[in-house]
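So you can see what is in the structure, the chains are spelled out below.
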Amino acid sequence: MSKTSLTTGPRGGARLKRKRIIVVVVPPVDELDLVGPMQVFSAANRLVGKTVYEVEMVTNSKDLRVHGEGGLLSFTAQGRFLHVRGKVDSLLVVCGLATRTARDPALFEWMRKMAPAVRRLGSVCVGSFLLAGAGLLNGKRATTHWKFGREMASRFPRVNVEFNPIWVKDGNIYTSAGVSAGIDLALAWVEEDCGSRISHEIAREFVLFLRRSGGQTQLSASLSAQASEMKAIQELQVWIAENLLNNLSVQKLADRTGMSVRNFERVFTRELGRTPSRYVLQVRVETARHQLECTDRGFKQIAVACGFGSADVMRRAFARIVGVTPKQYRYKTSLPTRTE
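Residues numbered from 1 in each chain as written. Predicted model: local features only at pLDDT ≥ 70, side-chain atom pairs only at ≥ 80, totals over all residues. Heavy atoms only, no water.

K.L.:
How should I be thinking about the sheet that holds strand β7 (residues 120-123) in this particular structure?
P.N.:
Picture the strands of a sheet paired through backbone hydrogen bonds; they go either parallel or antiparallel. Taken together, the seven strands give an open sheet; going across it, the order is β5-β2-β1-β6-β7-β11-β10, and neighbouring strands pair in mixed fashion. Whereas interior strands pair on both sides, the edge strands pair on one side only; in this sheet they are β5 (79-80) and β10 (167-170). Here two bridges tie strand β2 (residues 53-59) to β5, and the two strands are oriented parallel to one another. When the sheet's bridge partners are listed, V58 is paired in β5 with G79. Along the sheet face, helix α1 (residues 31-48) touches β1 (19-25), β2 and β6 (90-94) and points at about 160° away from the line of β2. (Pairing = 2+ DSSP bridges. Helix = DSSP H or I, 4+ residues; strand = E, 2+ residues; numbered from the N terminus. Contact = heavy atoms within 4.5 Å. Axes fitted to C-alpha atoms, helices over the stretch in contact; angles between N-to-C directions.)

K.L.:
Help me understand the nonpolar core in this model?
P.N.:
Soluble globular proteins tend to bury their nonpolar side chains together. If you look at the biggest cluster of nonpolar residues, it comprises 70 residues, and the most contacted ones within it are L91, W110, M111, L121, M152 and V190. Looking at this core element by element, the count peaks at nine residues for helix α5 (residues 181-194). Once you skip the residues sitting within four places of it in the chain, M111 turns out to touch V93, L130, L131, A134 and L136. W239, L244, L248 and A254 belong to the second largest nonpolar core, which has 17 residues in total. (Core = buried A, V, L, I, M, F, W, Y, C linked by side-chain atoms within 4.5 Å. Buried < 20%, exposed > 50% of the residue type's maximum accessible area, 1.4 Å probe, protein only.)

K.L.:
Whenever I open this one, the environment of S176 confuses me. Can you help?
P.N.:
Among the structural elements, S176 can be located in strand β11 (residues 173-176). A sequence separation of 51 residues divides S176 from C125, and the C-alpha atoms of the two residues are 5.5 Å apart. Sequence-distant contacts of S176, defined by excluding residues within four places in its chain, comprise S123, V124, C125, T143, T144, H145, I166, W167, A181, G182 and L185. Of note is the side chain of S176, whose polar atom sits 2.9 Å from the backbone oxygen of S123. (Polar contact = N/O pair within 3.5 Å; in protein donor to acceptor, adjacent residues only side chain to side chain.)

By themselves, these figures tell us nothing about what the structure is for.
In structure tokens:
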């Protein structure tokens with residue numbers, strides 16, 4: 001599956017074909033891990049104006065009633081995994097913290113059989129433990145919730161566990177970090193299928209602070225900096241993310257908030273724990289990372305789109321923030337068939 005250029009609307013428009021997604025749950029399940037991605041697919045259907053995703057929930061339990069770990073919610077599966085018939089586009093595996101250690105030989109065998117037949121196989125949070133238990137992550141890069149990364153690396157030494165990314169793609173297998181990262185992964189699938197406009201519109205509807213690409217760390221600049229309690233700074237953060245091509249000098253940002261430069265720098269640094277210039281640089285780098293992962297744009301194009309002005313300026317900023325050059329980062333996150 002090749003990476004595609006960012007689009008402004010659904011690829012293919014009315015030609016979008018229905019995609020059947022099977023969500024496999026091993027109860028008790030973390031409720032948000034399950035509901036978050038399913039809501040993303042539902043929102044995509046509504047915004048596209050047609051059924052792009054047919055989502056079915058199946059379980060390995062004899063009881064079709066799927067209990068949530070919190071004890072407050074339960075769900076009804078549409079069947080058992082062994083009864084799935086017909087063509088499946090994508091599989092998504094969801095479990096709970098307790099069921100990450102589940103050993104189900106029949107389920108593992110079924111997943112091994114399905115993996116090469118589906119376009120995508122993914123997991124949310126500690127669902128990656130089940131993929132690893134089935135042997136599907138051997139020799140592959142994968143991630144999980146940051147609290148359980150070392151446990152996963154210890155239990156499955158053949159898996160190349162990456163502790164920081166929001167989600168990781170290796171071949172047709174996607175693993176994601178904890179809870180809300182399942183929403184990020186589902187949004188990435190929607191972007192692959194329907195284009196960036198739809199995925200970003202869903203993110204806006206969900207009132208997500210920022211869309212996070214897989215390459216972002218689980219504690220990225222946009223998230224590790226606690227959201228300011230000041231409405232003016234909150235609105236400015238969103239405006240910065242949406243206006244990276246603009247002049248984002250400290251003077252311009254101060255003018256936008258109606259503050260003097262000196263007072264603005266003091267307030268911004270107090271609220272977000274970093275200077276305005278540093279914050280803008282980090283947001284630009286995170287946006288560039290997303291484009292390096294998800295598009296075939298050249299370095300000059302990405303640099304201009306992210307407000308760097310030149311590829312050389314982007315390269316220096318990237319090396320400073322990420323620790324590698326854009327070229328090294330693209331090579332690390334690209335498919336084996338990719339060429340520059």
